[in-house]
Structure formats: structure tokens, C-alpha cells
Amino acid sequence: MNYQGSSRRLFGNSKAAMVGAIEIYNKPRFEYRDEVFVILLMNAWELLLKSIVSKSGERIYYPKKRGEPYRTLTCADAFKVASKSALWPKHLPPQAIDANIEILGTYRNNAVHFYNEKALSALIYSLSQTAILNYRDLAASVFGQDIADEITWRIMPLGVENPIDPVDFMKSAPGSSPKSRAVQEFLAYLKERTNSLESDGIDTARLLTVFDVSLQSVKKIDRADIVVGVTSEDLADSMVVSRKVDPNVSHPYRQKDVLPKLKRIGTTSYEWQAVTFIHEMREEPRYCWRDKDANLVKWSPEAIQYFNRLTESQIAKAKKEYSDSFRK
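Here the structure is a predicted model, which is why all the values come from computation and not from measurement.

Basis of the calculations
Residues numbered from 1 in each chain as written. Predicted model: local features only at pLDDT ≥ 70, side-chain atom pairs only at ≥ 80, totals over all residues. Heavy atoms only, no water. Core = buried A, V, L, I, M, F, W, Y, C linked by side-chain atoms within 4.5 Å. Buried < 20%, exposed > 50% of the residue type's maximum accessible area, 1.4 Å probe, protein only. Helix = DSSP H or I, 4+ residues; strand = E, 2+ residues; numbered from the N terminus. Contact = heavy atoms within 4.5 Å. Salt bridge = Lys/Arg side-chain N within 4 Å of Asp/Glu carboxyl O. Axes fitted to C-alpha atoms, helices over the stretch in contact; angles between N-to-C directions. Parallel < 35°, antiparallel > 145°, perpendicular 65-115°, else oblique. Nonpolar A, V, L, I, M, F, W, Y, C, P; charged D, E, K, R; others polar.

## Notes on the nonpolar core
Move 1: If you look at the biggest cluster of nonpolar residues, it comprises 53 residues, and the most contacted ones within it are Trp-45, Leu-48 and Tyr-135.
Move 2: Sorting elements by how many residues they give to this core places helix H2 (residues 33–55) first, with 11 residues.
Move 3: Excluding anything up to four places from it in sequence, Tyr-135 contacts Phe-11, Ser-14, Lys-15, Met-18, Ala-44, Trp-45, Leu-48 and Ile-147.
Move 4: Formed by 15 residues, the second largest nonpolar core is a distinct cluster that contains Tyr-253, Val-258, Tyr-287 and Ile-315.

See below:
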């Protein structure tokens, strides 16, 4: 018996399931749409992970028990093996991708064995869009095939109602939109996983896609963070309006808060200062915010992610250049 299976056939079926999932989701009238979509999406992910396990030379079956049929790895166990293999691309954080798949798996399990609250549809798009992009990046890295070649990605979400902002849905006041206990528990778990990833300095963009789609008059500029308004066909007359983001939210960490969150054990404040200075992170608003009045410097989660991606040689080089800068 071939305990590894055929990575080619597993991946082929995985692609077919993914394309089918996307086609179903984009049908305007389809009963049980979210449920069928997520079931196929999770099927695509499980087969992709097993195809990676197979290609890495590992077995996709559990050891056989007497009197029982052979069983292939669950999606969770396949992920553990695949993410530890040499085939897994280093630029894809397994923790965030695992959290994304796990949360979607909860929704899938409820759909198969029970039922889901309709209100969760507000989050399914955000979680699933991220799962699809993660899938695309992983498949392209391991198998050299981009599923975008088989799908028309530019689909405009037309409908009689505006899309629901997942952030607004999650942070809305208790009395503003009734949520069942099941929805509240789902949101609580999502928040828990998000906080856990952020505390480890892991990019949560691999967990959840935050989107905002609106087609409206250029006069309505009160809600968007950045609005581009075009008032003539030749694009000559346009305007850009940006809103300030609370730096206490976007840049919550002092240096003393950053150091324990770095993956590199024992990183000193001098090393952090050297890297942020040489890599000009202090001049980049997405990494650093300065309160000139209070002489306060604060850092964003992206700054932690940036540092975590650096190699030991890059950090050593930054320390040397930082030290040399004082001798000039």
C-alpha cells in the first residue's frame, strides 16, 4: 500500500475543490451558500496539506489498528506535519494560518453536524478571503502553480445591501445588534486567537481580512480612513481625504513592551535601538509614532514583525553600523 498517496492527485483535487468553493460563493441565489462554500474550502485546504505531506515523503495515513480500516490524517494533523516540513515556505507564518483554518473548521463542523447562526456570515467572508489568499501563496510556493490563473478574481460584490464591515460587527455595542450566545462565543474565540498572535508579533493579516467596499458620492467622506474622490472623466479633478488613526491603538507598545514579544530570545534594548536606527524604522509611520510633546516613542505590531524577520547576520550588521555611527 502507498502510505504517502499521490501528491499530484491530491493537489489536483484540492484545486478543484477550491475553484468550486469560490464559484458557489459568488452565486447570488444559492441556499445554504456559506455552509457549502466553507465545507468545500476546508476540503481544499485538507487536500492541499496532505499533498504537501505526500510530497515531503511523509505518510498521510495513521498507523493501522487491527480490525479497523486505514485512516488518513485529519486536517489539523496534516497541518502539523506539513508546516514542519522543509517544503513549507519561510515567509508564511504557520501560527496565523493555522488559526484561520481552525476557526473556519469550527464553522464547518457546526454546518455538518448542527447549524450556524446567520449572523456569522458577516465574518465568513473575512476569514475565507484570507484562507483563499493563504492557499494561493502556499500552493504557488510548494507546487509552482497559481490558482489565480484558473479564476477571475476581479468580482464586484453587487447587491441590494452594502457589505458589512467585520470590524464594526465585532466591536458593536451589545444592544446595537442582537447576537446569540453562539455568535458571542465565536467572536470571543476569534479575539482570543488574534490577541495571542499579536502578542507573539505575528502578522494577523494571515488570520482575517478586513475590508470596506463602498460606491458613493465624493461628498460622503465622513467614515473612510482614506477616500479618493474623482469628479471628472479625465481624472484632473480629484481629492484625497485621510483620517487620523489613534496612535494608542495602532502603536500600543513602548520599548519595554516590545522586547519580551520578540522571537529572538535575549534581545537587548541596544540591539533594538540599533536595528530601528539603521533600518530607519523610526522614520516610518507604520512602525513608529512619536509624541513630541511628551518625548514618547511607541511601536506598532508591524515593527515587531519586521524585527522577527531579520537574520542574525542582519542584526549583527546593524549593531556594527550603529556603533560605527557614534565614532564619526
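The structure having been displayed, the exposition proceeds.
## Some points on the pattern of salt bridges
Move 1: Using the criterion set out here, one finds 10 salt bridges in the structure.
Move 2: Put simply, Lys-50 and Glu-46 hold a salt bridge, and the shortest N to O gap is 2.8 Å. Here Lys-50 pairs with Glu-46, and both are found in helix H2, just four residues apart, close to one helical turn. Just as Lys-50 is buried, Glu-46 falls in that class too.
Move 3: Between Glu-271 and Lys-319 there is a salt bridge; the shortest N-O distance is 3.2 Å. Placement of Glu-271 in helix H10 (residues 269–278) and of Lys-319 in helix H12 (residues 312–327) is noted, with a sequence separation of 48 residues between them.

## Notes on the packing of H10 against H12
Move 1: Their axes nearest at 8 Å, the elements H10 and H12 cross at an angle of 85°. Classified by the interaxial angle, the pair formed by H10 and H12 is roughly perpendicular. Here Tyr-270, Glu-271, Gln-273, Ala-274, Val-275, Phe-277 and Ile-278 of H10 come into contact with H12, specifically with Ile-315, Ala-318, Lys-319, Glu-321, Tyr-322, Ser-323 and Ser-325.
Move 2: Class assignment of the residues belonging to the contact of H10 with H12 gives a composition of eight nonpolar, three polar and three charged.

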